[in-house]
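If you want the building blocks of each chain, they are given just below.
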Amino acid sequence: MHRLIYPLVLLWLTGALAGCASMSKKDCENADWHAIGYNDGARGIPAGHLNVYSQRCAEYKIAPDVNAYQTGWGEGIRNYCTSANGYNAGAAGYAYNNICPADVAPAYLEGYRQGLGQYCTPDNGLQQGLSGGFYRGVCPADMADAFMQRYRLGRDVRHARDEHQDIENRLDKVREALAGTQDPKAYHDLLEELSHLRYADERSEAMLAALNACTDDDWFQAGLSDGEDGQPYRAGAIADLCGSYGSGADPAGYRDGWQRGNAHYCSYDSGVYAGQAGLDYHDVCNGPGYLLFWGGYMQGLGIFRSGRYEDHPRPVYPHEQRQAPPPPPPAKHKRHKDGQGSDQSQQQPDAKQGEAAATQPAAKDAKTQHRVYRASERRRLMHESNQPQRRAHSED
């Protein structure tokens, strides 16, 4: 008989009781409480859900048939408490509310435990955090820590992406307002806001690059992003951050990416952008690259200090994929006078020396050029500030 009645009742439930807040007086008067109880039980809804119906129908002074509802619910819950439904509930991360009768609970719980085994993996924890999924604390103790580490990582990446996008949107609005305003005070306020937003944008990009390295273990891209943004070498700091999320480290990949990105950054166009934006220079360029960058930086800084706005966009660099290093050449042996052979490969610098070379600040000649530029800039500014006083004396 259920085969004939309950599919029809389910159609009525879908329309009339989907969202109990919409129950009308007619719905409460015509309700088949046995069928409603059966369908609630068959969907794993606790029997206490009857209280919701009672509150809605009380507005019309109508009381549900409690016995009919409970009888129908008892029949429906036995159909729900199967191993397959238990697996689906566990794989979706739902909590078990002890609703299954004792004789059918073991089969449901066996499937539920298997489903939790699929849900409580580190990879799924990351995906749940990225998608904004709600964690109900269902993972067993031996899986909970690893799941939560990756869940927190996914959540933090999602928040960092949202924050970065919000800053980008605000930057677009400020640039648009700068292009259209004629009010000097509003223009000055917008320039100050633009400077703050560019600084925030730089910080949010650095955080997002580090979190992305922890997410997909692609440290080359993290290094490339840091290098192109003019960030200092920070493989150690990113390793500490990723360690808190249970992620591994690839300092060699980061160093490779950072060196390539740094070569892109140390250019004239990057200097103009950084100077005009009022961004700090972190002393990351060497040799000819430093001279190119510093020349552009001083020009951009002059625009920034003058209070003029020029929409000099951030340079776009050609992104490269990391390539595997070529295999080392075969070791060559030399004969010494004493007849002993020596391996020339022993004379090669070790990995620590290579990492130290990547993190070295500007070379001594570049530092000298840096000081010369700063001194000349100070003299120029002092000269300009003294011009009105000199004119006044000459007029006297």
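For every chain, the first residue of its written sequence is number 1, and the numbers climb from 1 along that sequence. Two thresholds apply to this predicted model, a pLDDT of at least 70 for residue-level local features and 80 or more for giving and counting side-chain atom pairs, whereas whole-chain, interface and lining totals are computed over all residues. Note that water and hydrogens are dropped before the side-chain values are worked out from all heavy atoms of the structure.

**Comments concerning the overall build of the protein chain**
To qualify as a helix, a DSSP run of H or I must reach at least 4 residues; to qualify as a strand, a run of E must reach at least 2; elements of each kind are numbered from the N terminus. What the protein chain contains, in helices and strands, is 17 helices and two strands. By sequence separation, contacts in the protein chain at least 24 residues apart represent 71% of the contacts at least 6 residues apart. The Shrake-Rupley method, run with a 1.4 Å probe, gives the accessible areas here. Residue values count only the displayed protein chains as cover. Of the roughly 23000 Å² that the protein chain leaves accessible, carbon and sulfur atoms contribute 53%. Contacts were defined at the residue level, with two residues in contact if any of their heavy atoms lie within 4.5 Å.

**Digging into the nonpolar core**
Core analysis: the largest hydrophobic core is formed by 34 residues, its most contacted members being Tyr254, Tyr265, Tyr281, Cys285 and Tyr297. Elements represented by at least two residues in this core include exactly helix H9 (141–180), helix H10 (184–216), helix H11 (219–228), helix H12 (235–243), helix H13 (251–265), helix H14 (268–276) and helix H15 (287–306). Per-element tally for this core: the top contributor is H15, with six residues. To qualify as a nonpolar core, a set must consist of buried Ala, Val, Leu, Ile, Met, Phe, Trp, Tyr and Cys residues joined through side-chain atoms within 4.5 Å. Here's how the labels work: a residue is buried when its accessible area is under 20% of the maximum for its type, exposed when over 50%, partly exposed in between, all with a 1.4 Å probe on protein chains only.

**Section: the confidence of the model for the protein chain**
Mean pLDDT over the protein chain: 80, with 74% of residues reaching 70 or higher. You can read pLDDT as the predictor saying how much it trusts each residue, on a scale of 0 to 100. Under a pLDDT of 50 for its full length, residues 1–21 has, in the predicted model, 30 contacts with residues more than four places off or in other chains. Predicted confidence is poor over residues 333–370, with pLDDT under 50, and the contacts of this stretch with residues over four places away or in other chains come to 38 contacts.

**Structural notes on empty space enclosed by the protein**
Whether a set of points on the 1 Å grid over the protein atoms alone is a cavity depends on a 1.4 Å probe fitting there but being unable to get out, while an open set qualifies as a pocket with protein on both sides within 12 Å along at least five of seven lines; lining residues are those with an atom within 4 Å of a point. Grid points are joined across faces, edges and corners, and a volume is the space filled by probe spheres set on the points. Overall, the coordinates contain one cavity of 30 Å³ or more when judged by the stated rule. Approximately 130 Å³ is the volume found for the largest cavity. Around the largest cavity, the lining comprises 13 residues; the ones closest to its centre are Glu228, Asp229, Tyr265, Tyr273 and Arg314. Looking at the lining of the largest cavity, the elements that each hand over two or more residues are H10 and H14.

**Some points on the packing of aromatic side chains**
Any Phe, Tyr or Trp ring, taking Trp's six-membered ring, that has another such ring centre within 6.5 Å forms a pair; planes under 30 degrees apart are called stacked, those over 60 apart edge-to-face, and the others tilted. Applying the stated criterion to the full structure yields 21 aromatic pairs. Taken together, a centroid distance of 5.5 Å and an interplanar angle of 40° make the contact between tyrosine 80 and tyrosine 108 tilted. Placement of the pair is tyrosine 80 in helix H5 (residues 66–80) and tyrosine 108 in helix H7 (residues 105–119), with a sequence separation of 28 residues. Assigned by exposure class, tyrosine 80 and tyrosine 108 land together as buried. The interplanar angle of 35° and the centroid separation of 5.4 Å between the aromatic rings of tyrosine 96 and tyrosine 108 together place this pair among those described as tilted. In this pair, tyrosine 96 is assigned in the loop between helix H6 (83–91) and H7 and tyrosine 108 in helix H7, connecting sequence segments twelve residues apart.

**Observations concerning the layout of surface pockets**
Approximately 280 Å³ is the volume found for the second largest pocket. Together, 14 residues line the second largest pocket, and Arg203, Ala206, Met207, Gln231 and Arg234 are the ones closest to its centre. Those elements that provide at least two residues to the lining of the second largest pocket are H10 and H12. Tallying contributions element by element places H10 first for the lining of the second largest pocket, with six residues. Amino acids are sorted into nonpolar (Ala, Val, Leu, Ile, Met, Phe, Trp, Tyr, Cys and Pro), charged (Asp, Glu, Lys and Arg) and polar (every other residue, Gly among them). In the lining of the second largest pocket, the residues fall into eight nonpolar, two polar and four charged.

**Considering unusual backbone geometry**
The phi torsion at asparagine 98 lies on the positive side, around 55°, for a residue other than glycine. Within the secondary structure, asparagine 98 sits in the loop between H6 and H7. Exposure remark for asparagine 98: the relative accessible area of 63% places this residue in the exposed category. Despite not being glycine, aspartate 217 shows a phi value in the positive range, around 60°. Here aspartate 217 falls in the partly exposed class, since its relative accessible area comes to 45%.

**A short note on the packing of helix H8 (residues 122–131) against H9**
Between N-to-C directions, angles cover 0 to 180 degrees, with each direction set by a line fitted to C-alpha atoms, over the stretch in contact for helices. At their nearest, the axes of H8 and H9 sit 7 Å apart, and the two run at 30° to each other. Regarding the angle of H8 to H9, the classification is roughly parallel. In the packing of H8 onto H9, the handedness of the crossing is right-handed. Between H8 and H9, the contacting residues are Pro122, Asn124, Gly125, Leu126, Gln128, Gly129, Leu130 and Ser131 on the first element and Ala146, Phe147, Arg150, Tyr151, Leu153, Gly154, Arg155, Val157, Arg158 and Arg161 on the second. Taken together, the residues of the contact of H8 with H9 sort by class into eight nonpolar, six polar and four charged. Each angle gets one of four labels, with under 35 degrees taken as roughly parallel, over 145 as roughly antiparallel, 65 to 115 as roughly perpendicular, and the rest as oblique. Here a crossing is called left-handed whenever its near helix is offset anticlockwise from the far helix by less than a right angle, and right-handed whenever the offset is clockwise.

**So, the environment of glycine 302**
Inspection of the secondary structure puts glycine 302 in helix H15. In this structure, the C-alpha to C-alpha distance between glycine 302 and glycine 278, residues 24 residues apart in sequence, is 9.8 Å.

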